[in-house]
Structure formats: C-alpha cells, structure tokens
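# Analysis of the macromolecular model
One-letter residues, chain by chain:
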Amino acid sequence: MADSPEAIKKSQKLYLFVGLCLFVGTIVTVMVATVPALDIGGHGFDTWDMVLGLLIASCKVALVMYFFMHLNHEKPWVYGVLVLGVIMAIALAALVFLAKGDPIHYDNFKTGGVILPGCLNFIGL
C-alpha cells in the first residue's frame, strides 16, 4: 500500500491510466461492432467481430482483476484457481460448439403428451 504522498500520487496516476485504458477499450469494442472500416469478417457483425470484441473484453477483465482487485499482490495458488476457472470455461464453451456442430437428430423421443416440432413429421402432421 502507499504510505507516502509520492507513492499515493504514483498510485493515482497508475489507476487513472488503467481507467483510461478501460475507457478506450470500451470505445474500440463498440467501434468494432458498429464502424464498417473496422469490420474484420464479412459484411456486418459476424463471428470474427465477436471474437475480436471478446478478446478486447478479456484484456479489460485482466486489467480490472490485476489492478483494481489487487491480484498483483496475491499468492501463487490464487492464480492456479484462476487458471482452473479459465480452463473450465473454455471446456464448457468447447462442449457447446461441439454440440452445435454435431446435433442429435432423433424424432422418437417420448415427450409425455407434448408434441415437439421435430415430432410433427413423425406423426404425419
């Protein structure tokens, strides 16, 4: 922690700089989604724009965690828990993408009296 007036002023400058970086990151994220000159994928908002926006947001999250949540002064096991959480989030996202890429198409599910849209062809409607 800052004990002297010089250290406090240094901390203030650091926090203002990080806050400015977060503000600029927010503006850039909005510009990626709306300005055609920054469109990196196809025309309009698409997957590549989303990926770039999420990368910018991830950098902003890292800044907030490192400086404002004071994780730069934590013990190594805290970083291990953080990395484990990131690995789990990536694994869950991968499962969603795998499920979207290879869906199950089976129209004979027992629905308990509820007619699902996929079952309409099966019963002849």
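Higher on the page you've got the structure.
Residues numbered from 1 in each chain as written. Predicted model: local features only at pLDDT ≥ 70, side-chain atom pairs only at ≥ 80, totals over all residues. Heavy atoms only, no water.

## A short note on the overall build of the chain
When helices and strands are counted, the chain shows three helices and zero strands. Secondary structure of the chain in N-to-C order comes out as α-α-α. The proportion of buried residues among the 125 residues of the chain is 10%. As displayed, the chain has an accessible area near 10,300 Å², and 74% of this comes from carbon and sulfur atoms. (Helix = DSSP H or I, 4+ residues; strand = E, 2+ residues; numbered from the N terminus. Buried < 20%, exposed > 50% of the residue type's maximum accessible area, 1.4 Å probe, protein only. Areas by Shrake-Rupley, 256 points an atom, 1.4 Å probe, with all protein chains shown as cover.)

## Structural notes on a nonpolar patch on the surface
Taken together, F17, L20, F23, V24, I27, V28, M31 and L38 make up a surface patch of nonpolar side chains, about 690 Å² in accessible area. Take L20: it is sitting in helix α1 (residues 5-34). (Patch = residues over 30% accessible without salt bridge, like charges linked within 9 Å, V, L, I, M, F, W, Y side chains within 5 Å. Salt bridge = Lys/Arg side-chain N within 4 Å of Asp/Glu carboxyl O.)

## Some points on the packing of aromatic side chains
The full count for this structure, using the stated rule, is two aromatic pairs. Both rings, one in Y15 and one in F68, keep their centres 5.5 Å apart while their planes meet at 25°; by these two values the pair is stacked. A residue pair is termed long-range when its members are at least 10 positions apart, and Y15 in helix α1 and F68 in helix α2 (residues 47-68) qualify at 53 residues. For Y15, a relative accessible area of 32% puts it in the partly exposed group. Using a relative accessible area of 37% as the deciding quantity, one classes F68 as partly exposed. Look at Y66 and F67: their rings are 5.0 Å apart centre to centre, the planes differ by 90°, and that puts the pair in the edge-to-face class. (Phe/Tyr/Trp six-rings, centres within 6.5 Å; stacked < 30°, edge-to-face > 60°.)

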